[in-house]
Amino acid sequence: MSTSGLFLLSTTGQIETAEFPGFDNIYCKYCYMYGLDWVVTAGLEEGISQVGRCSNDERRVFVWNFPLEITFKSTNPFGWPQLIVSCYGLDTFGNDVVRGYGVCHLPISAGKNTKTIPMFVPESTSLLQKMTAWLTGRRPEYVDPRVLAQGEGREVTRVRSQGTVKVSFNTVTKDLHTLGYQNSSAIPTVTSVGALASQLDNLNIE
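Residues numbered from 1 in each chain as written. Predicted model: local features only at pLDDT ≥ 70, side-chain atom pairs only at ≥ 80, totals over all residues. Heavy atoms only, no water.

Our next topic: the pattern of salt bridges. When charged atoms on two side chains of opposite charge get close, those side chains can pair. Throughout the structure, instances matching the rule amount to seven salt bridges. For Asp144, the salt bridge is made with Arg146, and the minimal N-O distance between the two is 3.7 Å. The partner of Asp175 in a salt bridge is Lys174, with the nearest N and O atoms 3.2 Å apart. The class of Lys174 is partly exposed, set by a relative accessible area of 46%. (Salt bridge = Lys/Arg side-chain N within 4 Å of Asp/Glu carboxyl O. Buried < 20%, exposed > 50% of the residue type's maximum accessible area, 1.4 Å probe, protein only.)

Okay, here's the thing in structure tokens:
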């Protein structure tokens, strides 16, 4: 039994594939955003993948299979870690521009999970700015992608959906149940419900 009040969250996995119709030669970066009570004890907090080309079949997917591995410890589930994925590629003029941002929480329940993250890109606020950005290669992008996991100020940002990224997770937790947190998705079976009903019937309530 844990007496320190700490629990552990360990996740391994891969940024597997992506779909960005109409684009080619794309790579991705990742980082994490988490609360003040969380501490990284092992693994990498950020990384950058190789450049991938879309497949020649009808799927037109980018395959990275870029590994993820990180372990956190915390005393509070508030600020549960989020994975932030940023994808980049070259435009017509050879400029390195953003192709999409996406965010998802790390899985709460232990086991294997697969998530498809919808991606989006910031939009220029006017047609003139859009034309200037296209000519100069300086497209709208976030200075720090971690702002995506905070939500503050997001309502004033104009964005457009563009592509998806598929990520797989293998999650292990330790001492969450000991500290009173229920993170399993188990549903009571008919047998357990029946046993509970029989126990209630045996109670003598005046």
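Additional details are given in the paragraphs that follow.
This brings us to the pairing of strand 6 (residues 82-90). Where burial is concerned, most of strand 6 is hidden: eight out of the nine residues are buried. Note: strand 2 (residues 26-33) against strand 6, eight bridges, orientation antiparallel. Paired with Tyr32 across the two strands is Leu83, which belongs to strand 6. For strand 6 and strand 7 (residues 96-105), the ladder comprises nine bridges, and the chain directions are antiparallel. Each residue of the ladder has a partner; that of Val85, found in strand 7, is Gly102. Hairpin connection between strand 6 and strand 7: a loop of five residues separates the two successive antiparallel strands, and Gly94 in this loop has a positive phi of roughly 85 degrees. (Helix = DSSP H or I, 4+ residues; strand = E, 2+ residues; numbered from the N terminus. Pairing = 2+ DSSP bridges.)

Across the protein chain, the average pLDDT comes to 83, with 79% of residues at 70 or higher. In the predicted structure, residues 187-197 sits below a pLDDT of 50 and forms one contact with residues beyond four places in sequence or in another chain. (pLDDT = per-residue confidence, 0-100. Contact = heavy atoms within 4.5 Å.)

On to the environment of Lys115. Looking at the element boundaries, Lys115 is found in strand 8 (residues 111-122). For Lys115 and Lys166, which are 51 residues apart along the polypeptide, the C-alpha to C-alpha distance reads 5.8 Å. Beyond its immediate sequence surroundings of up to four residues, Lys115 is in contact with Cys104, His105, Leu106, Pro107, Val165, Lys166, Val167 and Phe169. A distance of 2.6 Å separates a polar side-chain atom of Lys115 from the backbone oxygen of His105. (Polar contact = N/O pair within 3.5 Å; in protein donor to acceptor, adjacent residues only side chain to side chain.)

Another aspect to go through is the side chain of Thr71. Looking at the secondary structure, you find Thr71 in strand 5 (residues 62-74). Classification of Thr71 as buried rests on a relative accessible area of 16%. In this view, Thr71 contacts Leu9, Ser10, Val39, Val40, Thr41 and Ala42; residues no more than four positions away in its chain are not counted.

In this structure, Ile15, Trp64, Leu83 and Cys87 are the most contacted members of the largest nonpolar core, which totals 29 residues. Taken together, the elements giving at least two residues each to this core come down to strand 1 (7-19), strand 2, strand 5, strand 6, strand 8 and strand 9 (159-174). The greatest single-element share of this core, amounting to six residues, is contributed by strand 5. Excluding anything up to four places from it in sequence, Cys87 contacts Phe20, Ile26, Tyr27, Cys28, Trp64, Val97, Val98, Arg99, Gly100, Met119 and Val165. (Core = buried A, V, L, I, M, F, W, Y, C linked by side-chain atoms within 4.5 Å.)

Glancing now at unusual backbone geometry. Located in the positive-phi region is Asn25, a residue other than glycine, with phi close to 55 degrees. For Asp175, which is not glycine, the phi torsion reads 75 degrees and is therefore positive. With respect to the helices, strands and loops of the structure, Asp175 is situated in the loop between strand 9 and helix 2 (190-202). With relative accessibility at 21%, the residue Asp175 sits in the partly exposed group.

A word on the environment of Ile48. You can see Ile48 is positioned in strand 4 (residues 46-48). Sequence spacing of Ile48 and Val85 is 37 residues, and the spatial spacing of their C-alpha atoms is 9.8 Å. In contact with Ile48, other than residues within four places in its own chain, are Tyr27, Cys28, Lys29 and Phe66.

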